Amino acid sequence: MTTGAPGPTAPAGRRTVHLAAHFPGVNSTTVWADPRAESQIAFSSFERLARTAERGLFDFFFLAEGLRLREHKGRIHDLDVVGRPESLTVLNALAAVTDRLGLAATVNATFNEPFELARRLATLDRLSEGRAAWNVVTSSDAFTGENFRRGGYLDRADRYTRAAEFVATARELWDSWTPATPASPYGVPRPFAHTGRHFEIEGEFTVPRSPQGHPVVIQAGDSEEGREFAAATADVVFSRHSTLEAGRAFYADTKARLARHGRRPADLKIMPGATYVLGDTDAEAQEHAAEIRRQQVSPQNALLALERVWGRDLSAYDPEGPLPDIDPDPAAVIAQGRVTDGDPLAVAARWRALSEAKGLSIRGTVIETTARQTFVGSPRTVAEALDTFVQREAADGFILIPHLTPGGLDDFVDRVVPLLQERGVFRTEYAGTTLRSHLGLPDPVRKG
Amino acid sequence: MPATRPLHLAAEIGGPPRYDAADYVALARLAERGALDFVTLQDSFTRPGLDALAVLARVAPATERIGLVATVTTTHTEPFHVSSAVATLDWVSRGRAGWVVDVSTTPAQARLFGRRHAAPPEALWREAGEVAEVAARLWDSWEDDAEIRDTSTGRFVDRDKLHHVDFEGGMFTVRGPAIVPRPPQGHPVTVVDAAGEHSEETAARHADVVLIRATRPEEAAAIRERLRARAAAHGRRPDALRVLAALTVNLGDGERPAEPGLESAPRTTGGAGGPYYRGGPVDLAELIAGWHRGGAVDGFHVAPEEPARDLERVVNGTVALLQHRSRFRTFYPGGTLREHLGLTRPANRYAHAGGAS
């Protein structure tokens, strides 16, 4: 079927843990008020975190994307980290200061065009000698569309058909060069022509294949369409299931879908996003975790989270007081540029029940529901938990999201990675040079 | 024109396509050893080669001071993405970024995107001017001190210092603000090759550096004066414009005596590929010093015909001689490309506008 790249192997039939690092820039988990927090935009921050990830022998470094600043009640949201550089440009610079680390960029398939983006991704893959990855995301959001020529023109159903055709088209372009020969070590471009529902393009691609063939394709998203898209197309799924049971269910469901697309379970790696808090003891880690949750959910942030669910101005409420008696306005749009939390009436009912059962204030409720860390404990406890998730097929690995920029990965690399190595489930050196080789993914089959 | 007006030198590091970083890094470092203002990297969607801005981002951590200027076309690319990528090149190079604004005129380029038909150069350059305008506005859409990290109020940014740009062009609109905070230089350096009549207007309005084509110093001086007058007509200070003569150089033959019958000063010749210099590095130094001393240009942008060979001779021959004669800097007194060029950091157009957007 395909020639498998040599992947890391764990002894005695144990499954190997894969690790990636998310740069903790713009998100509500970053604790920017901590005195150790530095710039989320200076290149030195990216360089430090990437070097730490490479020192920890991580598979890849992951950047999210923003295309419009979030707004709340018609004004720019000002309580979390705001502002970030453009991902592919940062990753090309990081390719100069790292040797093995995979470099993953989140890039929207709705507000880009296949030829141009395929070229930019192939360029990163060449300049990093086979370490590039693309996290494919989509948008149907007219709010974001206001920054683009196309505007908010896509309905939800078309998001995935465009994304699927986009990825397929990019792969046609990546395959369009002839194989290398001694006479032409990069191969030569052959004309391509693609005609589909969303794209009709032709010409010649400008970049030869990299040592890993194609950039690795990552997909995030948990909907039915998202799972199917991942099973058909992706190399890695960035999933969101943080409990063992939810992870096992998602894992089983997604891996079962692969056969229908002629793929093996090992062809797709499932890597949930995960936060962690370490301490010398489990008790100390729990204390740290509670502190961090309070920093993540300031009184102002608690009220905003409440307003996002209720769709109403609740600024008169005391964040340390009880939840409001009034019901949410399900039709209201108060926050723009965010992922929605689901049906507001159901969310409000859940929050009320939790608040009453535990006697929690507004802030306490928001802390309980939105800021739970995935892994909390001593390095040994956390290493055991990560290993358990992987051995019990709840994940193939994790995309770790530190809460501090840029030093938040140091403790993990210094204290947890050695324990995973001791357990024999994590590499002690990079076996190959490409991201596909780190992930144990097959080389892409050249089509056409 | 004061005699002390500094000389500016830049070099193209493109040439035949290469698909790995090493050669580009080596050429940029070579140019940096010569204390050149900046290197450029040409780009197009219809010839084999890597994305130029990406290559220069890869070069940035491998260099310290030299300016990094990538060709970015504006016809098929989203203006918002253009602005973000150029600003990010400025962040990763710590204030050394620039872009050569270009357009994609051919049907072959249009077919790679399948979104629109090829348009006449006049319309595309008008659009390129709008992209330069919206990029500058997006770079200003964050005031320099917008990030406050005020723990007492829990605010990371002062949103009164973030601004929607609400730009409406002929072909696109952008709401803003930028995602990328204002880059280190305020505005990365905008370069326009004013070879064509349609690009000259965009250059006069938007460029910090203009590349011109002339085979004689008198011709260069006339174009430079015209550009400065047009810039002034747009309300710009003419001294905020650097006019560099573009010159393809072939130094492959070493030093040769001037041909009999010609004036003894080295000459350039015109041709399909633009002004062309073939000769030795010493004569090239004479030519550069002569044009510059006479006030015809602010400097030169040389495109080595064979980068590895010719750039080495430019740096170790021509530049070394100019330095020896105190015509060109021997070290970088500043850190940013604007500082090399003697250009001020632009004021933020929104900084005193007052009120939130």
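Keep in mind that what you see is a predicted model, and the values were worked out from it rather than measured.

Thresholds, definitions, all that
Residues numbered from 1 in each chain as written. Chains lettered and ligands numbered in written order. Predicted model: local features only at pLDDT ≥ 70, side-chain atom pairs only at ≥ 80, totals over all residues. Heavy atoms only, no water. Salt bridge = Lys/Arg side-chain N within 4 Å of Asp/Glu carboxyl O. Helix = DSSP H or I, 4+ residues; strand = E, 2+ residues; numbered from the N terminus. Buried < 20%, exposed > 50% of the residue type's maximum accessible area, 1.4 Å probe, protein only. Contact = heavy atoms within 4.5 Å. Buried area = accessible area lost by both parts, 1.4 Å probe. Pairing = 2+ DSSP bridges. Axes fitted to C-alpha atoms, helices over the stretch in contact; angles between N-to-C directions. Domains from an automatic or database assignment. Polar contact = N/O pair within 3.5 Å; in protein donor to acceptor, adjacent residues only side chain to side chain. Nonpolar A, V, L, I, M, F, W, Y, C, P; charged D, E, K, R; others polar. UniProt positions renumbered as here; feature names shortened; annotations may be inferred. 1 Å grid on protein atoms, 1.4 Å probe; cavity = no way out; pocket = protein on both sides within 12 Å on 5 of 7 lines; lining within 4 Å.

Caption draft 1: Geometry of the pattern of salt bridges. Residues and elements named next belong to chain A. Scanning the model with the defined rule gives 68 salt bridges over all chains in all. The partner of Arg 120 in a salt bridge is Glu 86, with the nearest N and O atoms 3.1 Å apart. Taken together, the residues Arg 120 in helix α3 (residues 114-127) and Glu 86 in the loop between β4 (75-76) and α2 (87-97) connect sequence positions 34 residues apart. A residue is classified by how much of its surface remains accessible, and Glu 86, at 14% relative accessible area, is buried. Ionic pairing is found between Arg 352 and Asp 327, a salt bridge with its closest N-O pair at 3.5 Å. Here Asp 327 lies in the loop between α9 (299-310) and β13 (335-336) and Arg 352 lies in helix α10 (residues 344-358), a separation of 25 residues in the sequence. Exposure remark for Arg 352: the relative accessible area of 22% places this residue in the partly exposed category. Looking at Asp 327, the relative accessible area reads 44%, which means it is partly exposed. Each of Asp 222, Glu 224, Arg 227, Glu 228, Asp 253, Arg 257 and Arg 260 takes part in one network of salt bridges that share partners.

Caption draft 2: Highlighting the interface of chain B and chain A. Across the boundary between the two partners, chain B contributes 66 residues, which contact 63 residues of chain A. At the boundary of chain B with chain A, total buried surface from both sides reaches about 5,500 Å², with 59% on carbon and sulfur atoms. Three residues, Tyr19(B), Arg159(B) and Ile179(B), lead the burial of chain B against chain A; their summed loss comes to 13% of the area buried on that side. Linking chain B to chain A there are nine salt bridges. The shortest N-O distance in the salt bridge between Arg75(A) and Asp160(B) comes to 3.3 Å.

Caption draft 3: Summary view of the sheet that holds strand β5 (residues 102-108) of chain A. Residue and element names in this part refer to chain A. Ordered in space as β1-β2-β5-β6-β9-β10-β11-β15, the eight strands form a closed barrel in which the pairing is parallel. Ignoring strand direction, the axes of neighbouring strands in this sheet form an average angle of 25°. Two elements, strand β11 (residues 269-274) and strand β15 (residues 397-400), share two bridges in a ladder whose sense is parallel. In the strand pairing of β15, Gly 273 is matched with Ile 399. Of the strands in this sheet, β6 (132-137), β9 (216-220) and β10 (236-239) are in contact with helix α6 (residues 224-233), which crosses β9 at around 170°.

Caption draft 4: Examining the domain arrangement of chain A more closely. Residue and element names in this part refer to chain A. Annotation of chain A at the domain level lists domain 1 (18-281 + 373-439) and domain 2 (298-369). A separation of 31 Å is found between the C-alpha centroids of domain 1 and domain 2. With nine residues of domain 1 at the interface, the matching set in domain 2 holds 12 residues. Taken over both partners, the interface formed by domain 1 and domain 2 buries close to 1,000 Å², and the fraction arising from carbon and sulfur atoms is 51%. The largest contributions to the domain 1 side of the interface with domain 2 come from His 72, Lys 73 and Leu 79, which together make up 52% of the buried area. Counting across the domain 1 and domain 2 interface gives two salt bridges. Across the pair Asp 313 and Lys 73 runs a salt bridge whose closest N-O atoms are separated by 3.1 Å. Inspection of the region where domain 1 meets domain 2 yields six residue pairs in polar contact (both at pLDDT 80 or more). Of the residues belonging to the side of domain 1 that touches domain 2, the class tally is two nonpolar, two polar and five charged.

Caption draft 5: Layout of the sheet that holds β4(A). Residues and elements named next belong to chain A. If you walk across this open sheet you meet the three strands as β4-β3-β13, and the pairing is antiparallel. Only two strands of the sheet have a single neighbouring strand rather than two, namely β4 and β13. Relative to β4, strand β3 (residues 71-72) is paired through two bridges, and the arrangement is antiparallel. Note on β4: the bridge partner recorded for Glu 71 is Ile 76.

Caption draft 6: Representation of the UniProt feature "binding site: FMN" (unreviewed entry) in chain A in the model. Residue and element names in this part refer to chain A. Those places that UniProt annotates as "binding site: FMN" (unreviewed entry) correspond, in this numbering, to Thr 106, Tyr 160 and Ser 223. Those annotated residues that line the second largest cavity are Thr 106. For Thr 106, the position within the fold is in strand β5. When its relative accessible area of 7% is taken as the criterion, Thr 106 is described as buried. Once residues within four sequence positions are removed from consideration, Thr 106 is found in contact with Phe 62, Leu 63, Ala 64, Glu 65, Ser 87, Asn 135 and Val 137.

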